[in-house]
Amino acid sequence: MEPNTKYGSHIRGTVTPRGVKIGVKKVTNVRKGGILIETVNDADLDKLISELDSNPEIKNKFDIGKPLQRNPQIICYGVSPETTEDTITNCTAPLTRQAKDIKILHNFKGARGRNWIFESTPEVFKLLSKTTKINIGWERNSYKEYIRPRQCFKCCKFGHPAKHCKETKD
């Protein structure tokens, strides 16, 4: 018997959607023997989490919680090489109202200067998406959403970097 099936049947035998009065869309097996339960809306999800937390048999055996959401990443092209992290944070602060809403990840040399990659909250990303350019110092730079899947350069599979690779061959 697969661990996912065992865990799913254990939870299904203890808690029923009809008893909790929630709508379940789908139950999916995930990595490391876990299960993901999708509900119709957030209120149903909160009801399910509180029901599972109130059951000591389930609470002691399982980690219960909502999946973490990744923040959107933005790449800003052609920034002058003299620009520092503080300059970028201060220039984007008027747009975001707070400098802590943006986290600088890294930068690298591009064709016309340095390209900076930073992470923002979804609200800030929505504000930034209304414009096509961003002012950094005396420059007006273009930017877009940065989407790059993680790929291991050791085994060439997606989903993890090389430092976390479990492949034994070098």
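The structure this text deals with has already been given above.
Residues numbered from 1 in each chain as written. Predicted model: local features only at pLDDT ≥ 70, side-chain atom pairs only at ≥ 80, totals over all residues. Heavy atoms only, no water.

This part takes up unusual backbone geometry. In the Ramachandran plot, K21 falls in the positive-phi region, its phi being about 65 degrees despite a non-glycine side chain. Tracing the backbone through its elements, the reader meets K21 in the loop between α2 (17–20) and β1 (24–29). The phi dihedral of C156 is positive, around 65 degrees, even though this residue is not glycine. You can see C156 is positioned in the segment after β7 (139–145). Looking at C156, the relative accessible area reads 52%, which means it is exposed. (Helix = DSSP H or I, 4+ residues; strand = E, 2+ residues; numbered from the N terminus. Buried < 20%, exposed > 50% of the residue type's maximum accessible area, 1.4 Å probe, protein only.)

What follows concerns the pattern of salt bridges. In total, this model carries two salt bridges according to the counting rule given. For K26, the salt bridge is made with E38, and the minimal N-O distance between the two is 3.8 Å. In this pair, K26 sits in strand β1 while E38 sits in strand β2 (residues 35–39), placing the two residues twelve residues apart along the sequence. With a closest N to O distance of 3.1 Å, D46 and K66 form a salt bridge. With D46 in helix α3 (residues 42–54) and K66 in the loop between α4 (56–61) and β3 (73–79), this residue pair connects regions lying 20 residues apart in the sequence. (Salt bridge = Lys/Arg side-chain N within 4 Å of Asp/Glu carboxyl O.)

Turning our attention to the nonpolar core. Most often, soluble globular proteins have nonpolar side chains that are buried together. Within the largest apolar cluster, 13 residues are counted, with the highest numbers of intra-cluster contacts made by C76, F118, L128, I134, I136 and Y143. Going through the elements one at a time, β3, β4 (102–110), β5 (113–120), α6 (122–128) and β6 (133–136) are the ones with two or more residues in this core. Top contributing element to this core by residue count: β3, with three residues. In contact with C76, not counting residues within four places along its chain, are R114, N115, W116, F118, I134, I136, N141, S142 and Y143. V20, I22, I58 and F62 belong to the second-largest nonpolar core, a separate cluster that totals eight residues. (Core = buried A, V, L, I, M, F, W, Y, C linked by side-chain atoms within 4.5 Å. Contact = heavy atoms within 4.5 Å.)

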